[in-house]
Amino acid sequence: VQLQASGGGLVQAGGSLRLSCAASGRTFSTYSMGWFRQAPGLEREFVGYIRWNSGSTVYADSVQGRFIISRDNAKNTVYLQMNGLKPEDTAVYYCAAKSSYSSGPYAATASYESWGQGTLVTVSS
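The present account deals with the structure reproduced in this document. Everything quoted here is computed from the prediction, not taken from an experiment. (Residues numbered from 1 in each chain as written. Predicted model: local features only at pLDDT ≥ 70, side-chain atom pairs only at ≥ 80, totals over all residues. Heavy atoms only, no water.)

**A short note on the pairing of strand S3 (residues 17-23)**
Most of S3 sits out of view: five of its seven residues are buried. Judged from the four bridges that link them, strand S1 (residues 3-6) and S3 form a sheet pairing that is antiparallel. Within the sheet, the bridge partner assigned to Ala5 lies in S3 and is Cys21. (Buried < 20%, exposed > 50% of the residue type's maximum accessible area, 1.4 Å probe, protein only. Helix = DSSP H or I, 4+ residues; strand = E, 2+ residues; numbered from the N terminus. Pairing = 2+ DSSP bridges.)

**Describing the state of the cysteines**
This model, assessed by the stated rule, comprises one disulfide. Linked covalently through their sulfurs, Cys21 and Cys95 form a disulfide whose S-S length is 2.1 Å. Judged by the sign of its S-S torsion, about 65°, the cystine formed by Cys21 and Cys95 is right-handed. Here Cys21, found in strand S3, pairs with Cys95, found in strand S9 (residues 91-99); they are 74 residues apart in sequence, far enough to count as distant. Both residues of the pair, Cys21 and Cys95, belong to the buried class. (Disulfide = S-S within 2.5 Å.)

**A word on the packing of aromatic side chains**
Working definition: an aromatic ring pair is given by the centre-to-centre distance plus the angle between the planes. Throughout the structure, instances matching the rule amount to seven aromatic pairs. Plain terms: the ring middles of Phe36 and Trp115 are 5.1 Å apart, the flat faces sit at 55° to each other, and that makes the pair tilted. Taken together, the residues Phe36 in strand S4 (residues 31-38) and Trp115 in strand S10 (residues 114-115) connect sequence positions 79 residues apart. Among the residues examined, Phe36 registers a relative accessible area of 0% and is labelled buried. (Phe/Tyr/Trp six-rings, centres within 6.5 Å; stacked < 30°, edge-to-face > 60°.)

Here it is, written out as structure tokens:
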């Protein structure tokens, strides 16, 4: 599956953004989807995850209660709604696809087989 992320931009602290990740292919509904981010000089870190079958979600502690992941299988798209943004949320955000056959941990980048190109989110103070 090929992924393309969009929706990044510049926002003031406390503001909101919604990122989108459009997937190609007819098997999107069988992939769990993850969002990760990478700030300059830092490693890519887990943000959140939505399971392919139940739609259940998991979030990093740093975004819990502020970010919401959802998906629309009819549109082959997963979303990351980001509220209450903080300057420390500034990063390039990536979406990634994890096969339903993968048993790897959802928070590990190695568990994902496809990645979008990333979209930059900048939060000003």
